[in-house]
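The chain contents come next:
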Amino acid sequence: MKASLRDKLDAAARRLVEIDALLGAEGTDAQRLRELGSERAELAPVVALHAELGAAEAAREQARALLNDPEMRALAEEELHSCGERIDHLEDALQCALLPRDPDDRKAAFLEVRAGTGGEESALFAADLLRMYTRYAERRGWRTELLGHSESDLGGVKEAVLRIAGDGVYGRLKFESGGHRVQRVPATESQGRIHTSAATVAVMPEPDAQAAVAINPAELRIDTFRSSGAGGQHINKTDSAVRITHLPTGLVVECQDDRSQHRNKARAMEVLAARLEQRQRQQAQEREAAQRKSLVGSGDRSDRIRTYNVPQGRVTDHRINLTLHKIDAILGGDLDELLDALHAEHQAEQLAALA
């Protein structure tokens, strides 16, 4: 194992000890406790694997020491082989555990399903997808809430928004975004011909409502000046007014309503924070719109990540060239085999990039 990885593992072990001490300290607020608990949940498995690796390496050294003993040589060679395999497995597991994490993976998610090309049949397929994800959430013990729902004439879904809450929802479902295509004989088809229809899915992490706007004092220019306007001698003679400029964005806030410079500054900071928060919301909405467009594509039949072929009973994920002949189970919410394969491919790409 690379020295850099061992350094990371040692740092993780030290951080876990530090977190345990902080969790046991008095006076820690609830938000900080949640943050520490979440960090601990991520670090603990890594530190446990590191401890297992250390034990396996120690056992290998003990076995090597016995190689010179004729009576113990055969047993030592067997133990060396076993330890070598165990160490290789643990090193691979630790490499995966140390891969960069998406901070949104543990969040709840909004899952949007929309009918695409195919008219009424597309809406019926969108309803099937919505049911599939709802049943998968039930299997995982997640909570679901239907936030928006527009039905077609035959009971299909033109569009629907599902909120799914639970640990790791977004991380588990994020690869479901894209175009989904179905090939089957529609209920409205009288001559038994197979039709191809499409629907789109977009999965987005739920924003953190508790995240506050952080303002770096180094990014502020604060000017004081004499207040203008009515107010008598005091306002005209003291530098109680405050102007705050947020240098990265160019936002400027002035406050001169109070005779106290301190209170004017506090109010100006509040106004600046509100404006920055609004700016972030607007930018997030613009990014979300762009992300949704990139996630769902055009909704055309040719724009797809997965095909559900009902006559052949198969589901094919075109991103990883995986075909499973269990379409009824998948549409019934049995998605783990598909999702596991997608995550394994993503992990392999990360490891290749790391190498």
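Up top you'll find the structure we're talking about.
Structural notes, computed from the coordinates. (Residues numbered from 1 in each chain as written. Predicted model: local features only at pLDDT ≥ 70, side-chain atom pairs only at ≥ 80, totals over all residues. Heavy atoms only, no water.)

**Some details on a nonpolar patch on the surface**
Working step 1: A surface patch of nonpolar side chains, about 240 Å² in accessible area, is lined by Leu66, Met72 and Leu75.
Working step 2: Within the secondary structure layout, Leu66 lies in the loop between helix 2 (30-65) and helix 3 (73-97).
Working step 3: Using a relative accessible area of 34% as the deciding quantity, one classes Leu66 as partly exposed. (Patch = residues over 30% accessible without salt bridge, like charges linked within 9 Å, V, L, I, M, F, W, Y side chains within 5 Å. Areas by Shrake-Rupley, 256 points an atom, 1.4 Å probe, with all protein chains shown as cover. Salt bridge = Lys/Arg side-chain N within 4 Å of Asp/Glu carboxyl O. Helix = DSSP H or I, 4+ residues; strand = E, 2+ residues; numbered from the N terminus. Buried < 20%, exposed > 50% of the residue type's maximum accessible area, 1.4 Å probe, protein only.)

**Side note on the layout of surface pockets**
Working step 1: Of the pockets and cavities examined, the largest pocket occupies roughly 1700 Å³.
Working step 2: Contributing to the lining of the largest pocket are 47 residues, with Glu42, Asp102, Pro103, Asp105 and Arg106 lying nearest its centre.
Working step 3: Breaking the lining of the largest pocket down by element, the ones donating at least two residues are helix 1 (3-23), helix 2, helix 3, helix 5 (169-173) and helix 9 (336-354).
Working step 4: Of all the elements, helix 2 adds the most residues to the lining of the largest pocket, at 11 residues. (1 Å grid on protein atoms, 1.4 Å probe; cavity = no way out; pocket = protein on both sides within 12 Å on 5 of 7 lines; lining within 4 Å. Points joined across faces, edges and corners; volume = space filled by probe spheres on them.)

**Observations regarding the packing of helix 1 against helix 2**
Working step 1: Direction vectors running N to C along helix 1 and helix 2 enclose 135°, while the axes themselves pass 8 Å from each other. Classified by the interaxial angle, the pair formed by helix 1 and helix 2 is oblique. Where helix 1 crosses over helix 2, the handedness of that crossing is left-handed.
Working step 2: When grouped by side-chain class, the residues that make up the contact of helix 1 with helix 2 number 14 nonpolar, 2 polar and 8 charged. (Axes fitted to C-alpha atoms, helices over the stretch in contact; angles between N-to-C directions. Parallel < 35°, antiparallel > 145°, perpendicular 65-115°, else oblique. Left-handed = near helix turned anticlockwise from the far one by under 90°. Nonpolar A, V, L, I, M, F, W, Y, C, P; charged D, E, K, R; others polar.)

**Comments concerning the sheet that holds strand 2 (residues 143-151)**
Working step 1: Pairing within the open sheet is mixed, and its 8 strands lie in the order 2-3-1-5-4-9-10-11. The open sheet is flanked by strand 2 and strand 11 (322-324), the only strands paired with a single partner. With direction set aside, neighbouring strand axes in the sheet form an average angle of 15°.
Working step 2: Across 4 bridges, strand 4 (residues 178-184) lies against strand 9 (residues 306-309) in parallel orientation. Bridged to Arg181 within strand 9 is Thr307. (Pairing = 2+ DSSP bridges.)

**Points about the packing of aromatic side chains**
Working step 1: Within this structure, the stated rule accounts for 2 aromatic pairs.
Working step 2: With a centroid separation of 5.5 Å and 65° between ring planes, the pair formed by Phe125 and Tyr308 is classed as edge-to-face. Taken together, the positions of Phe125 in helix 4 (residues 119-140) and Tyr308 in strand 9 put the pair 183 residues apart, joining distant regions of the chain. Both residues of the pair, Phe125 and Tyr308, count as buried.
Working step 3: With 5.8 Å between their ring centres and 85° between their planes, Tyr136 and Trp142 make a pair best called edge-to-face. As far as the burial class goes, Tyr136 and Trp142 line up, both buried.
Working step 4: Just above the ring of Phe225 sits the side chain of Arg243; from NZ or CZ to the centre is 4.5 Å. (Phe/Tyr/Trp six-rings, centres within 6.5 Å; stacked < 30°, edge-to-face > 60°. Lys NZ or Arg CZ within 6 Å of the ring centre and 35° of its normal.)

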